[in-house]
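Below are the chains, spelled out letter by letter.
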Amino acid sequence: MPTPSVAVRVVLTLAGLSLASASSWGADAPAATASSVSETSFPAPTSAQLQAGAKVAQTCAACHGIDGNATSTEFPKLAGQHADYLVKQLHDYRIAKGAKHPARVNAIMNGMAATLTDAQIRDVALYYSRQTFKPGVAFADKKELKLGQAIWMAGIPDRAVPACVSCHGPGGAGMPSRYPRIGGQWQGYLEMELQMFRNDRRTNSPEMHDIASRMTDKQITAVAEYAAGLRAPSELSR
Ligand code: HEC
Ligand code: HEC
């Protein structure tokens with residue numbers, strides 16, 4: 001395990017790389033450039049919605065942190081995540097009408113989501129999306145980060161794996177209403193989700209299943225490490 005000062009240096013280097021690539025990203029982005037996509041499909045939240053969301057978030061705080069910056073690596077950070085993505089996940093944790101299983105299976109979250117109304121899901125998603133995200137750091141060795149960076153920026157051509165950057169963005173900030181933010185998320189969580197997409201234990205994204213199923217364990221670990229150290233350009237000073 002490297003010392004914290006090494007980890008900080010890694011983040012800064014990665015941030016430099018992600019900034020350097022930021023200008024080319026718009027042109028490579030699949031469906032649209034960032035500027036033509038609206039901030040979110042939700043209208044700006046009212047203060048009543050944010051207050052209601054903060055109240056719901058109290059029941060989530062033990063695991064996700066009161067502001068959505070989970071402090072334990074077992075629980076994903078939700079702060080600054082796009083509201084649309086959070087809403088989709090919370091609906092996917094519930095059992096849809098006529099379905100036998102939820103599209104996203106996790107014993108804890110299936111139980112939590114089942115207790116929420118649609119309005120509570122919307123409000124708590126709006127609340128988390130407005131909280132300031134505290135990005136993490138990458139603890140990988142140089143070789144692993146290099147592999148992770150190559151996959152992030154260029155994909156794995158001989159396995160037809162597309163570049164993560166084309167959807168999740170250079171700093172991993174995603175794109176509101178389309179792609180979740182994954183930059184700065186816990187490495188262990190990202191790795192676990194990629195494994196679950198691959199093994200069909202998380203079945204709510206055919207797109208990500210397709211991508212993960214063409215990756216090896218080593219490639220999954222490396223790209224998760226790299227993504228954990230990424231920061232959006234606006235977060236470089238934090
Ligand atoms: C006892 C701990 C615990 C509590 C309480 C809890 N969660 Fe979670 N949450 C988890 C775990 C663990 C995961 C990852 C599960 C998985 O892999 O699908 C998760 C995942 C999520 C995700 C998916 C995140 C992503 O990036 O895809 C959302 C959204 C979420 N929780 C929202 C909530 C909300 C809202 C509440 C409160 C109403 C809540 N959680 C309460 C443990 C908890
Ligand atoms: C074509 C667009 C696209 C590409 C390319 C792509 N992703 Fe995704 N990714 C998505 C979408 C859409 C989701 C949200 C899935 C859902 O609704 O649950 C997602 C979700 C994820 C998640 C789960 C996030 C969470 O909070 O649970 C991880 C991890 C992830 N992607 C990693 C990657 C990695 C690593 C790569 C590159 C190897 C990659 N993605 C390439 C579109 C993409």
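Residues numbered from 1 in each chain as written. Chains lettered and ligands numbered in written order. Predicted model: local features only at pLDDT ≥ 70, side-chain atom pairs only at ≥ 80, totals over all residues.

*Asks:* What am I meant to see in the overall build of the chain here?
*Replies:* When helices and strands are counted, the chain shows 11 helices and zero strands. For the chain, the sequential pattern of α-helices and β-strands runs α-α-α-α-α-α-α-α-α-α-α. When burial is assessed residue by residue, the chain has 39% of its 238 residues classed as buried. Contacts in the chain between residues far apart in sequence, at least 24 positions, make up 73% of those at least 6 positions apart. (Helix = DSSP H or I, 4+ residues; strand = E, 2+ residues; numbered from the N terminus. Buried ≥ 20, exposed ≤ 12 C-beta atoms within 10 Å, placed from the backbone. Contact = placed C-beta atoms within 7 Å.)

*Asks:* Please explain the packing of helix α7 (residues 142–154) against helix α11 (residues 217–228) as it appears in this structure.
*Replies:* A pair of packed helices is characterised by two quantities: the angle between their axes and the separation of those axes. Running from N to C, α7 and α11 point in directions that differ by 85°, and their axes come no closer than 7 Å. By the angle between their directions, the pair α7 and α11 is classed as roughly perpendicular. Contacts between α7 and α11 involve Glu144, Leu145, Leu147, Gly148, Gln149, Ile151 and Trp152 on the former and, on the latter, Gln219, Ala222, Val223, Glu225, Tyr226 and Ala227. (Axes fitted to C-alpha atoms, helices over the stretch in contact; angles between N-to-C directions. Parallel < 35°, antiparallel > 145°, perpendicular 65-115°, else oblique.)

*Asks:* Can you help me understand the nonpolar core in this one?
*Replies:* In summary, soluble globular proteins display a tendency toward joint burial of nonpolar side chains. By size, the foremost hydrophobic cluster in this structure holds 23 residues, and its most contacted members are Trp152, Val223, Ala224, Tyr226 and Ala227. Secondary structure elements with two or more residues in this core: α7, α9 (187–198), α10 (206–212) and α11. The element that contributes the greatest number of residues to this core is α11, accounting for seven residues. Counting residues in hydrophobic clusters, the runner-up holds 19 residues, among them Val56, Cys60, Ala79 and Tyr128. (Core = buried A, V, L, I, M, F, W, Y, C linked by C-beta atoms within 7 Å.)

*Asks:* It is not clear to me how the site of ligand 1 should be interpreted in this structure. Could you clarify?
*Replies:* Neighbouring ligand 1 are 19 residues, the closest being Cys60, Cys63, Pro76, Gln89 and Asn106. Mapped onto the shell around ligand 1, the elements with two or more residues apiece are α3 (61–64), α4 (83–93) and α5 (107–114). Among the residues making up the shell around ligand 1, the classes are represented as 14 nonpolar, four polar and one charged. (Near = placed C-beta within 6 Å. Nonpolar A, V, L, I, M, F, W, Y, C, P; charged D, E, K, R; others polar.)

*Asks:* Honestly, the site of ligand 2 in this entry has me stumped. Any pointers?
*Replies:* Not every one of the 23 residues close to ligand 2 is listed here, only the nearest: Pro162, Cys164, Cys167, Glu193 and Ser205. Going through the elements one at a time, α8 (165–168), α9, α10 and α11 are the ones with two or more residues in the shell around ligand 2.

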